[in-house]
Amino acid sequence: MDDYVPCLVATELVTNALRYGGTADDDVTLRLVLAEGGALWLEVQDTTCDLPHIPELDLTSESGRGLLIVERFTRRWGVRPLAGGRGKVVFAVVEP
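All residue numbers refer to positions counted from 1 along the written sequence of the respective chain. For a predicted model such as this one, the threshold for reporting local features is a pLDDT of at least 70, and the threshold for listing and counting side-chain atom pairs is 80 or more; totals across whole chains, interfaces and linings nevertheless cover every residue. The side-chain values count all of the structure's non-hydrogen atoms but skip hydrogen atoms and water molecules.

**Looking at a nonpolar patch on the surface**
Stage number 1. Judged by side-chain polarity, I54, L57, L59 and L68 come together as a nonpolar surface patch covering roughly 360 Å² of accessible area.
Stage number 2. Mapped onto the elements of the fold, L59 is located in the loop between β2 (40-46) and α2 (66-73).
Stage number 3. Only protein chains enter the accessibility calculation, which uses a 1.4 Å probe. A residue is then buried if its area is under 20% of the maximum for its type, exposed if over 50%, and partly exposed in between. Exposure remark for L59: the relative accessible area of 73% places this residue in the exposed category. Patch membership requires more than 30% relative accessible area and the absence of a salt bridge. Residues of like charge join within 9 Å; the nonpolar side chains Val, Leu, Ile, Met, Phe, Trp and Tyr join within 5 Å. To measure how exposed things are, a 1.4 Å probe is used in the Shrake-Rupley method; for residues, cover is taken only from the protein chains shown. One side-chain nitrogen of Lys or Arg within 4 Å of one carboxyl oxygen of Asp or Glu is enough to make a salt bridge. Under the DSSP-based scheme used, a helix requires at least four consecutive residues in state H or I and a strand at least two consecutive residues in state E, with every element numbered from the N terminus.

Here it is, written out as structure tokens:
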């Protein structure tokens with residue numbers, strides 16, 4: 001697997017977690033797992049329950065395209081809430 005795509009996807013997910021996933025003192029956790037068949041499973045955990053969404057595209061904006069990149073370069077991505085309202089995990093699967 002070329003390392004460019006997994007690094008790009010991880011960077012976008014972590015950046016979103018740091019920007020929107022809680023306060024400056026909250027933890028953000030990145031997990032990487034190599035699954036059967038060589039797929040890479042990426043998870044980013046943060047402390048907010050706010051769900052990520054792909055915003056309406058603004059061609060003049062310098063931001064707001066991260067999840068479009070994640071959607072384009074992954075087999076699938078999604079969100080899993082943590083029990084007790086403790087936050088969420090955003091995951092993505094990158095094929096080899």
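Resuming the write-up.
**Quick notes on the side chain of K88**
Stage number 1. Mapping K88 onto the fold places it in strand β4 (residues 88-94).
Stage number 2. With relative accessibility at 5%, the residue K88 sits in the buried group.
Stage number 3. Throughout this description, a polar contact denotes any pair of N or O atoms lying within 3.5 Å of each other; where both atoms belong to protein, one of them has to be capable of donating a hydrogen while the other can accept it, and for residues adjacent in sequence the pair is counted only when both atoms sit in side chains. A distance of 3.0 Å separates the side chain of K88 from the backbone oxygen of D50, its partner in a polar contact.
Stage number 4. Contacts between residues were defined by any pair of non-hydrogen atoms, one from each residue, lying within 4.5 Å. With sequence-adjacent residues up to four places away left out, K88 is seen in contact with V44, Q45, D46, T48, D50, P52, V79, R80, P81 and L82.

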